[in-house]
Amino acid sequence: MNRRECLHLLTGLTGLAGATLASEARTQGVDPTAIPTIAPPDPNPKVPSFKLPPKSCDSHTHIFGPASRYPFSEKRPYNTADAPLEAFRSVHEKIGVERCVIVNATVHGTDNRVVTDAIAQSEGAYKGIANVNDEMSEKELAALDKGGICGCRFAFLKRLGGVGDMTKFQRIVHRVAELGWHIDVYFEPGTIAEFAPILTALPAPYVIDHMGTVQAAKGLDDPGFTALLDLQKKDEKCWVKITGLERASAAGKPFHDAVPFAKALIDNAPGRVIWGTDWPHPNVKIMPNDGDLVDLIPLYAPDEKVRQKLLVDNPARLFKFT
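Residues numbered from 1 in each chain as written. Predicted model: local features only at pLDDT ≥ 70, side-chain atom pairs only at ≥ 80, totals over all residues. Heavy atoms only, no water.

With respect to the helices and strands, the residue Val-259 is situated in helix 9 (residues 259-268). C-alpha separation for the pair Val-259 and Leu-296, spaced 37 residues apart in sequence, amounts to 7.6 Å. Those residues within four positions of Val-259 in sequence are excluded, and the remaining contacts are Leu-245, Leu-296, Leu-299 and Tyr-300. (Helix = DSSP H or I, 4+ residues; strand = E, 2+ residues; numbered from the N terminus. Contact = heavy atoms within 4.5 Å.)

Taken N-terminus to C-terminus, the directions of helix 7 (residues 223-234) and helix 9 make an angle of 20°; their axes are 9 Å apart at the nearest point. The orientation of helix 7 relative to helix 9 falls into the category roughly parallel. Considering the relative orientation of helix 7 and helix 9, their crossing is right-handed. On helix 9, the residues touching Phe-225, Leu-228, Leu-229, Gln-232 and Lys-233 of helix 7 are Phe-261, Ala-264, Leu-265 and Asn-268. (Axes fitted to C-alpha atoms, helices over the stretch in contact; angles between N-to-C directions. Parallel < 35°, antiparallel > 145°, perpendicular 65-115°, else oblique. Left-handed = near helix turned anticlockwise from the far one by under 90°.)

With respect to the element layout, Asp-134 can be found in the loop between strand 3 (126-130) and helix 4 (138-146). Among the polar contacts listed, one links the side chain of Asp-134 to the side chain of Arg-171, at a separation of 2.5 Å. Those residues within four positions of Asp-134 in sequence are excluded, and the remaining contacts are Lys-168, Arg-171, Ile-172 and Arg-175. (Polar contact = N/O pair within 3.5 Å; in protein donor to acceptor, adjacent residues only side chain to side chain.)

Next up, the structure:
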């Protein structure tokens, strides 16, 4: 599939998604009208003005389906059009990304094949973050590790299922720590302080998604953001993803009001920050263009040496790229 076909696929699936997913939901006994449908990504990513350095890594990105091959979970929190590997590759080629970390989305539940299959075709350029649970056997976890998985994700968001059983969380994080994995965590805005004691006690490094879901409208002095800065500064296990400026922004495009928050996090711990696009941008209010997101990088990381850490050196160390 060439680039033009990929873009046609993304634009065309917007209308098809409803019928296809409704049919799938009926087959699984799910009421499709009870599941919200999210918007597809911008099908025309711009070539950014800023050129990413060689071996730059998109440390937070997703692949959806195709549902015909990788069925969506019956318990999925939202419906989505396919955003398959071919389109994923096309976007990264356009914006200049060479390495990626694919975070398995909640729409696929604990079926991680969409990630491990992509890794297997990447010739070492991709790693993955899995969805796991404490019912998985040691053999299943070992197979994920062998397949290029280097961490697992927990989303403590009401719209994605809520906090859940923390006893099970503690058991599984100790199990995956023995594999050398890190823990990826996604929180509701303003809850970092609440979770800080749990995070600092983790037996493995942890990565906080989307800049801790900071809200730019609250300002740099917001207690939720200062709690994140404090945790990031004090705990050497704490990493932060410089992602989701479009989620943080109150002003909308070009999301410049979120730039000071990204810069503060980078300046606070330049050796423990990583960057990502979050393509295909599930559950955003304003759909960004991925080329525009790349052009924000020199605004919050103006120093070339710092950018090298953010985009290349830090992800290579955390995700163990060779």
